[in-house]
Amino acid sequence: METITTIAALRQALRQARREDQTIGLVPTMGAFHEGHLTLMRRAKAENDIVVATLFVNPAQFNDPEDFEKYPRDDERDAALAAAEGVDYLFTPAPAEVYPKEFDTVVVVRALSERLEGASRPGHFNGVSTVVAKLLNIAGADRAYFGEKDWQQLQLVKRMAADLDIPTEIVSVPTVREPDGLALSSRNVRLTPDQRKAAKVLSSALSDTQAIADTGVQDAYQLAAWLRQTIEVQPGAKIDYAVVVDPETLQEIDTIENGALAAVAATFGKVRLIDNRLLNPPIGPGLRR
Ligand SMILES: Nc1ncnc2c1ncn2[C@@H]1O[C@H](COP(=O)(O)OP(=O)(O)OP(=O)(O)O)[C@@H](O)[C@H]1O
Ligand SMILES: CC(C)(CO)[C@@H](O)C(=O)[O-]
Ligand code: BAL
């Protein structure tokens, strides 16, 4: 694996691959690799000749300076893990390489960037869409891989790629979880043991919501209220949102009969975590799946 820090050098390396008709898979990340990231890399490796992972803690998507400051970083360990997964190029640009002094453009995906994560983290998604547009342009990859844990981000990236005619296929990868259900996240390492135990409520409340839907409940508001209450009663959890929405637009819906996404965000101490689950509509009144 080669570590590359400049846009020109990455373009040069990939030009050669493209000349040889090799396919390129891109895995954008902010580092502190866990099994979720490694799963994206493995999938990219299985489906492409060349894999580029990017490691850039993007200042533009942090609205909370302490979150940026405390974001876990371990570049050496990350490089070893990426190499072990067969990543060909690890792109680790400095902020000035991505945002030179004269930089003056923002990519905005309007409706999708406003709700949920966008409402709680103002400016966050403009930072994400701008940097992802740049990474997709720099790599010119055939496919780019994103995790379903960040579901709203995934929908936003899909919308942006379609709207801007970016020819890279956006591939979604299911959420990798701890044995107790907690979605893997780089921020999990900042949880105390008690917070870690409490954080399990996110995934268990999502599973229980599906179980309630399975009993025949289709009302999205009723399911969301139940989801919210389940998290609220967990000591140590401070809820941000708990919703049942359209999986593509993330807009409110009345019923889950055509499919729905349950999405949650909550803070445990100073650590803010998110999770989501697609809800299957009930198969029939009173029938269990
Ligand atoms: N548990 C997971 N399963 C699958 N993909 C994941 C998981 N966690 C993160 N990813 C994906 O990895 C990519 C890089 O994410 P990122 O580096 O922000 O890691 P992260 O664990 O989401 O960190 P954090 O949640 O603390 O920001 C994103 O596409 C993200 O959706
Ligand atoms: C997609 C991404 C790498 C953009 O900075 C980031 O939001 C992430 O790690 O999910
Ligand atoms: N994993 C999404 C990037 C972020 O939380 O900033």
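Residues numbered from 1 in each chain as written. Chains lettered and ligands numbered in written order. Predicted model: local features only at pLDDT ≥ 70, side-chain atom pairs only at ≥ 80, totals over all residues. Heavy atoms only, no water.

S.K.: Outline the site of ligand 3, listing residues and values.
M.R.: Around ligand 3, the surrounding shell consists of M30, Q61, R121, H124, D150, Q153 and R187. For ligand 3, an oxygen atom lies 3.0 Å from a polar atom in the side chain of Q61. Residue D150 places a side-chain N or O atom 3.1 Å away from a nitrogen atom belonging to ligand 3. Summarising the interface, the protein chains cover 88% of the accessible area of ligand 3, which totals 220 Å² for the free molecule. Here the shell around ligand 3 is composed, by residue class, of 1 nonpolar, 3 polar and 3 charged. (Near = heavy atom within 4 Å. Polar contact = N/O pair within 3.5 Å; in protein donor to acceptor, adjacent residues only side chain to side chain. Areas by Shrake-Rupley, 256 points an atom, 1.4 Å probe, with all protein chains shown as cover. Nonpolar A, V, L, I, M, F, W, Y, C, P; charged D, E, K, R; others polar.)

S.K.: Outline the site of ligand 1, listing residues and values.
M.R.: Taken together, 21 residues sit near ligand 1, with H34, K149, D150, S186 and R187 positioned nearest. Within the backbone of M30, a nitrogen or oxygen atom sits 2.9 Å from an oxygen atom of ligand 1. In this structure, V176 approaches ligand 1 through a main-chain N or O atom, which is 2.8 Å from a nitrogen atom. In the complex, 95% of the free accessible area of ligand 1, which totals 580 Å², lies under the protein chains. Among the secondary structure elements, those contributing two or more residues to the shell around ligand 1 are β2 (24-29), α2 (35-47) and β5 (143-147). Take the shell around ligand 1: its biggest share by element is 3 residues, from α2. (Helix = DSSP H or I, 4+ residues; strand = E, 2+ residues; numbered from the N terminus.)

S.K.: Describe the UniProt feature "binding site: (R)-pantoate" (unreviewed entry) in the chain, listing the residues and the values that go with them.
M.R.: As recorded in UniProt, the feature "binding site: (R)-pantoate" (unreviewed entry) lies at Q61 and Q153. Taking the farthest pair of C-alpha atoms as the criterion, the annotated set spanning 93 residues converges on one region, since that pair is 11.5 Å apart. Within the secondary structure layout, Q61 lies in the loop between β3 (50-55) and α3 (65-70). Dropping the residues within four chain positions of it, Q61 is found in contact with M30, R121, H124, G127, V128 and V131. Here N58 takes part through its side chain, which lies 2.9 Å from a polar atom of the side chain of Q61. Once residues lying within four places of it in the same chain are set aside, the contact partners of Q153 are F125, V128 and F146. (UniProt positions renumbered as here; feature names shortened; annotations may be inferred. Contact = heavy atoms within 4.5 Å.)

S.K.: Let's hear about the sheet that holds strand β9 (residues 271-279): which residues, and what values?
M.R.: With antiparallel pairing, the 3 strands of this open sheet are ordered in space as β7-β8-β9. Both outer strands of the open sheet, β7 (237-245) and β9, are each paired with one neighbouring strand and no more. Sheet twist, expressed as the average angle between the axes of neighbouring strands with direction ignored, equals 10 degrees. Where β7 lies against strand β8 (residues 260-268), 8 bridges are found, and the strand directions are antiparallel. (Pairing = 2+ DSSP bridges. Axes fitted to C-alpha atoms, helices over the stretch in contact; angles between N-to-C directions.)

S.K.: Please provide a residue-by-residue account of the domain arrangement of the chain, values included.
M.R.: Domain annotation of the chain identifies domain 1 (2-173) and domain 2 (186-279). Taking only C-alpha atoms into account, the centre of domain 1 sits 26 Å from that of domain 2. Domain 1 puts 22 residues into the contact, and the matching count from domain 2 is 21 residues. Of the roughly 1900 Å² buried between domain 1 and domain 2, counting both surfaces, carbon and sulfur atoms make up 50%. Considering only the side of domain 1, the residues that lose the most area to domain 2 are R115, L116 and W151, jointly responsible for 33% of the buried surface there. (Domains from an automatic or database assignment. Buried area = accessible area lost by both parts, 1.4 Å probe.)

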